[in-house]
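The chain contents come next:
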Amino acid sequence: MDASTVDLSGGWSRIWEVLGPEVQGLLLLLLAIGVLIAVYATVKFLFDNRRRGGGDVRGLTVLLLIAALLAAPAALIPLLLVIADILIAILLAALSLAGVTA
């Protein structure tokens, strides 16, 4: 296995292509809802912080976690897979330069 054969994000894309455009529309909707929740949580925190001298950090954290979970299939998981692709490719290239074979 060499560094050019690593493609985790491509597999994720193929899974969603097979599921069809209906599911892709659902992913887009979940992403949009996640972004709206994140914007709402941030604006609410800033407004509360200004008005009362301290925002609710726990509420902000919970809402941002919910937003991240909603956005995960469309944005976060592909991003993490691309990062994993890069790290695995670097590791395999380093092992190849060190003379280690699988």
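Rules used in this analysis
- Residues numbered from 1 in each chain as written.
- Predicted model: local features only at pLDDT ≥ 70, side-chain atom pairs only at ≥ 80, totals over all residues.
- Heavy atoms only, no water.
- Salt bridge = Lys/Arg side-chain N within 4 Å of Asp/Glu carboxyl O.
- Helix = DSSP H or I, 4+ residues; strand = E, 2+ residues; numbered from the N terminus.
- Buried < 20%, exposed > 50% of the residue type's maximum accessible area, 1.4 Å probe, protein only.
- Expected span 1.5 Å × (residues − 1).
- Arc of directions from axis to C-beta.
- Contact = heavy atoms within 4.5 Å.
- Polar contact = N/O pair within 3.5 Å; in protein donor to acceptor, adjacent residues only side chain to side chain.
- Patch = residues over 30% accessible without salt bridge, like charges linked within 9 Å, V, L, I, M, F, W, Y side chains within 5 Å.
- Areas by Shrake-Rupley, 256 points an atom, 1.4 Å probe, with all protein chains shown as cover.

Asks: It is not clear to me how the pattern of salt bridges should be interpreted in this structure. Could you clarify?
Replies: When the charged atoms of two side chains with opposite charge come close together, those side chains can pair. Counting across every chain of the model gives three salt bridges. A salt bridge links Asp48 to Arg52, with the nearest nitrogen and oxygen atoms 3.2 Å apart. Taken together, the residues span about one helical turn, with Asp48 and Arg52 both in helix 2 (residues 21-52) at a distance of four residues. For Asp48, a relative accessible area of 5% puts it in the buried group.

Asks: Sorry if this is basic, but what is going on with helix 1 (residues 8-19) here?
Replies: Residues spaced three or four apart along an α-helix point in a common direction, a consequence of the helix completing one turn every 3.6 residues. Helix length check: helix 1, at twelve residues, gives a terminal C-alpha distance of 18 Å against a target of 16 Å (1.5 Å per residue), a fit within 8%. Looking at helix 1, one finds that the buried residues are Ser9, Gly10 and Trp16. Within helix 1, the buried residues cover an arc of 125 degrees as seen down the axis, which keeps them to one side. Considering only its buried residues, helix 1 is in contact with helix 2 and helix 3 (57-97). Regarding helix 1, its N-cap is Asp7, as a side-chain oxygen of that residue lies 3.0 Å from the backbone nitrogen of Gly10 further along. Following helix 1 by one or two positions, Gly20 has its phi on the positive side, about 100 degrees.

Asks: What is the right way to look at a nonpolar patch on the surface in this model?
Replies: Taken together, Leu76, Leu79, Leu80, Val82, Ile83, Ile86, Leu87 and Ile90 make up a surface patch of nonpolar side chains, about 720 Å² in accessible area. Position of Ile90 relative to the elements: it lies in helix 3.

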